[in-house]
Structure formats: structure tokens, C-alpha cells
Amino acid sequence: MTSPPPSPALRSPLPSPPPRRSPAIAFTLAIALLVIFCLAPVLWQLITSIKVNADIETIPNIYWPSRQTLSHYAELFVRRPFFNYLFNSGFVAIASTALCLAIGTPAAYSLARQPIPGRSLILGLILIVTLFPYILLFLGLLELARAFGLGNNYLALIVPYTAINLPLTILVMRSFFQQLPRDLEDAAQMDGYSTGQMLLNILLPLTLPALVTTGILTFIFSWNEFLFALTFMTEESLKTIPVATAQLSGASQFETPYGPLAAATVVGTIPLVMLVLFFQRKIVQGLTAGAVKG
Amino acid sequence: MPPSPSRSRTWPTVFLFLAPAIALLLLIYGYPIARSLGLSLMTQNLGTQLEPQFSGLGNYGRMVGDGRFWHTLGNTAVFTIAAVTIELVLGLAIALLLHRKFWGRGLVRTIAILPWALPTAVMAVGWAWIFNDQYGVVNDLLQRLHLISGPINWLGDPALAMVSLIVADVWKTTPFVSVLLLAGLQSIPDDLYEAHAIDGATPWQSFWAITLPLLMPQLAIAVLFRFAQSFGVFDLVQVMTGGGPAGSTETVSLYIYATVMRYLDFGYGAALTVVTFLLLVATVAIAIALLGRRGLRQL
């Protein structure tokens, strides 16, 4: 049976005891295991991508190749349109991120500050919608894309990606708006700003950190998305990175190009590795704000 | 609370601010679900020259006797339950690990986020390579450790292919879970632990008495999100095993995809979509009911 937490009045007047520390060795070992666990698959792809073909297919595996090559990377960009793939992924990701922030931020403000009938219901639905697996949307969106002739059109990806990221954007930005002091808005209104002007000129600069956070999350999602990219972008020069990489594996009939495959994996993940390295804290903030606070 | 002075000019602004988002959400989320519902009552496939013909509950009747559907449902259930359970336990352990100050904690957290941030489809290619029967690292390491005598055909064996998938999924999403739980851990006041310790409790006892109960909302959210995501898993399975060998790792989402794209059986695909949707809704509803009112309030 758990005892109820002690009320502040009963809290001990003594200084708090030092936190218990588990044996340093066990702790360090656990951290080391965690780091290895997270990095190992990525590092293995990196190592494989610079091995010569003969070394790749050597058993037992070579973990520290004595000879290296960049030929696999060269093949990606020379024999396959990898620049196109990178551009496609980047363009779609940036466009959907921009659109999502543009549409989601005013909506978030509205839900944070303005009286709206059925606000709880709207928020509840927005939250529930984040649980939908994309396969549920697949058939309907396929029909829409065909109806509007959007096959192999960037819009076929940009619009769904924007919509899929709206819930998280709205929830995160809303909680951010709620934390801003109301005096700011009241003062702005007394100075004669319209709500739109106030949002744009006064509040937006303040919300920049939150915008960056949600922007990064949207970018990550859009770059990584697979199902819709696979379905709607079938033309080789329009494919996104995940689709192109996955389809590299079935390229040759007689031999699987392990080297270029590994190189493709590395190239396809570098932008995200960079993002994570520079924006780790923001990413974590965004994830927890969106998911925990709901 | 005094009424906001902007109330009189609120309505046009509300419409302008909120409408685009709501409209887009309705279009991308609402329309497909509604359309699938309607289409599921039709037969529209190669047999009908791709023209829709009303068939009532025919598709649903067909589903009852469709062995492949039940098989994929079973695969999905196995995958989901195994993956989510492991990720929860592992995620909690990692969160507890990261919940103390140590040198390099920021860097470790960065590294922990990496698996989640990388494209599933791209890493699936990598995992297929890792589990490759001839040149894969897993076989190599196991053999070097003398745990197996010869290479195992991971992706060619029905049970082992599922294991490989689960390993890849655990790798990718455990960080996500641990980040959620870490936030929850950080919101538990230290005084509770101190008081408990003063009463003579061990950290192990504190974990069960304080940590776990107070972490319940975050745990519930993590389970909910992970369950929904696992249930609809597509990228990982499609790229890593393609549903093979011989459909032994085919999940519901793969079946829907194949039904629509390969067999051009739109009516049936819609019915499968609807049933998947209902199953998900039912499970979420049960979970929320179990969560109870107190948990919901904390959500």
C-alpha cells in the first residue's frame, strides 16, 4: 500500500540527504551500453559504405577496414539521381513545414485565447487524430490524388504532410501561447492593433523558439515519411530519399548493391543527424510538450 | 475574469485563424475515413471492371472467412504486443538511467534521440543488412561468441523474421518512449523520495511506491501512442521483410496496401481499412476506460 505523500508542513526541517548513487562502474557501463546500442546500426552502415566490395562480402566481417573507398558514394550521385532525391525530400519537407506553421500557429492562438464553442471537443479530436496510422488515410488520399490528378506532384505529399503535422503543431503552439502573459495582448489591443497584427508583430517574435521546435519536428516527419511518398511519387526523378533508398535494394537482379545501399543509408540520414546534433534540446521539448501535455 | 475587449471583433478573426486548419484536418483525416466507410459497402475491383457496385456487408462477410486477414491480424498483434512491452520496460529503464546528473548527459540524450529521428525506411534497409544471412553482423557476432555454429537465415525464417522486425522496432522507438517517461520522471518532486528514504525505504521500494504510480499518466500515454503506431506499422515491415517469408510477417497495413495497389480491390481494401480503424478505436476506448477519470484529468 502506498502512503500518501507528506504535506509540506510535515516535511523534515533537516537538510536533504545526499542522493543515493549506484556504483559508478555499473552506471557507466549502462550508459556505455546505451550509447553503443543507439549508435551501432548507424556506425555499421557508415563502415560498410566505405568498404570495397570484396571486403563487404568477407566473412567473418571486417570491423576496421584497412582499405577504404568512396566509390559507392560516387555511384549514388553519378549513376543514380541522388541529388534529385535529396532535393525532393528537402523541398517537400521545407514546404510542408512552412505551410504547417503558417496554418497551425493562428489556429493554436485561436484555441488558446479566443472563446470558441466546443473548444474541448475540437482539441480532443485533434489529439485523437494523432493516433491514426497513415494506412487508414491511404485509400481515401489515393482517391483524392487521382481525382485531382496529383500523381507525381509535390502537392500530393505537401498537403497530407501539413495536415498530419497540424495536431502536434497546434498543441505545442497552443500551450506556448497559454504561457504568454495576457498583459501583452491587452496592451496591444489598447494600442489599436488588430488581432492579426498583434499576432504577427508582437507575439510571433516571442514564439520563435516554439516555432523552431515544431518546425524541426515537422521537418523530421516529412523527411522520413514513406507510405505516401511511395504511393504518390513513382517517377524516378521525383522520389524522396526513403523511397529511393528502399528501392535501391531491389535494383539489380544478380547482385544486391550492398555498398551503394549502405552509402544511401548514410546520405539519407545525415541531414537528420545534423538536426538532432544541433537541436536535441528543442526536439525533446517539442516531443514532451506535445505528447505529455496533450 | 473581465471580458476581453476584443470579443466584439472576435468572430471573423476566429474564422480566419481556425478555419484553414480545421478544413485541412477534415479533408485529410475526415474524408478518407468517411470514404472508406462508404466504399466498404461497395464491390469495386477488377471483377467489376473497377466500377463500384453496391454489395452491402458483402466485404465484411468475406473478411470473416478470409484466412489471410486473420493471419495478418495475428502477426500485427504479436508484433504490437511484443514491441510495445519491450519498449516500455526498456524505455523506463533508460529514462531512470538518464534521470540523474552526470557529465555528458546532454550528449547521451542526443544519441538516444538519434534512432527515433532517422527514417524508418532507410534504417530498415540497414537492418536487413544487419540480419543478412550471409554477411550480416548479427550472425557474425553470434558466431564469434560461439553462441551459434552456423549462420542463421533470420529473414528467411517465419519466427526469426518477426524477431528481427521487433528488434529493429525496439531500436527505433525505445528512445521516444524514454524521452516521454523522462519528462514524467522530472516532474516528480524530489521531496517525496527524500521523505520516503527518511522513513527507511530503499530506492527499489521508492520506485514501486512513488515513481510508478506518479508516472502512470505518462506510461499510459506512451502505451497508447506506441500501440496505435505499432498497430499501423508499415515502413519497417514493407522494407525489411516485405511481409515475408511467405506472408509470415505481413501486417494488416501491408495487407491493405497490397489489396489496393496490387489487387486493385478497392471495396475490400476499404472494408479492411474500416475494420482496422474500428479495432483501433475499440482498443483506445478500452485503454481510456482503464485509465480512469483521474488519469484522464492529468492528460
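Residues numbered from 1 in each chain as written. Chains lettered and ligands numbered in written order. Predicted model: local features only at pLDDT ≥ 70, side-chain atom pairs only at ≥ 80, totals over all residues.

Pulling in residues and values, what's your account of the overall build of chain A?
Check the secondary structure of chain A and you find 13 helices and zero strands. Ordered by position from N to C terminus, the α and β elements of chain A give α-α-α-α-α-α-α-α-α-α-α-α-α. Per-residue burial over chain A gives 44% buried out of 294 residues. Summarising the internal contacts of chain A: among those between residues at least 6 apart in sequence, 76% fall at separations of at least 24. (Helix = DSSP H or I, 4+ residues; strand = E, 2+ residues; numbered from the N terminus. Buried ≥ 20, exposed ≤ 12 C-beta atoms within 10 Å, placed from the backbone. Contact = placed C-beta atoms within 7 Å.)

If you had to explain the interface of chain B and chain A to someone new, which residues and values would you point to?
In this complex, chain B contributes 83 residues to the contact, which on the side of chain A involves 86 residues. Counting residues per element, the side of chain B that touches chain A draws most heavily on helix H1 (residues 10-39) of chain B, which supplies 17 residues. Of the residues assigned to the side of chain B that touches chain A, the class counts are 60 nonpolar, 16 polar and seven charged. (Nonpolar A, V, L, I, M, F, W, Y, C, P; charged D, E, K, R; others polar.)

Let's hear about the confidence of the model for chain A: which residues, and what values?
Summing up the model confidence of chain A, the mean pLDDT is 85 and the portion of residues at 70 or higher is 88%. Taken element by element, the predicted model of chain A shows its lowest mean pLDDT in helix H9 (residues 195-206) of chain A (80) and its highest in helix H11 (residues 227-232) of chain A (96). (pLDDT = per-residue confidence, 0-100.)

So what about the packing of helix H3 (residues 67-98) of chain B against helix H9 (residues 203-231) of chain B? Which residues, and what values?
What describes two packed helices is the angle between their axes and the distance between those same axes. All names here are of chain B. Between H3 and H9, whose axes approach to 9 Å, the crossing angle comes to 145°. Note on packing geometry: the crossing formed by H3 with H9 is right-handed. The segment H3 lies against H9, with Thr 76, Phe 79, Thr 80, Ala 83, Val 84, Glu 87, Leu 88 and Gly 91 engaging Ala 222, Val 223, Arg 226, Phe 227, Ser 230 and Phe 231. Considered class by class, the residues forming the contact of H3 with H9 number eight nonpolar, four polar and two charged. (Axes fitted to C-alpha atoms, helices over the stretch in contact; angles between N-to-C directions. Left-handed = near helix turned anticlockwise from the far one by under 90°.)

Any chance you could break down unusual backbone geometry for me, citing the residues and the numbers?
The linkage connecting Ile 59 of chain A with the following residue, Pro 60 of chain A, adopts the cis geometry, with an omega of -5°. Inspection of the secondary structure puts Pro 60 of chain A in the loop between helix H2 (53-56) and helix H3 (71-78). Following Gly 244 of chain B, the chain continues to Pro 245 of chain B via a peptide bond in cis, the omega torsion being -5°. With respect to the helices, strands and loops of the structure, Pro 245 of chain B is situated in the loop between helix H10 (235-240) and helix H11 (252-261).

Explain the domain arrangement of chain A to me, using residue names and the numbers behind them.
Residue and element names in this part refer to chain A. Domain parsing of chain A yields domain 1 (23-69) and domain 2 (75-293). With centres defined by C-alpha atoms, the gap from domain 1 to domain 2 works out at 32 Å. Taken together, the eight residues of domain 1 in the interface contact seven residues of domain 2. Elements represented by at least two residues in the side of domain 1 that touches domain 2 include exactly helix H1 (24-49) and H2. When residues in the side of domain 1 that touches domain 2 are grouped by element, the largest group, five residues, is from H1. (Domains from an automatic or database assignment.)

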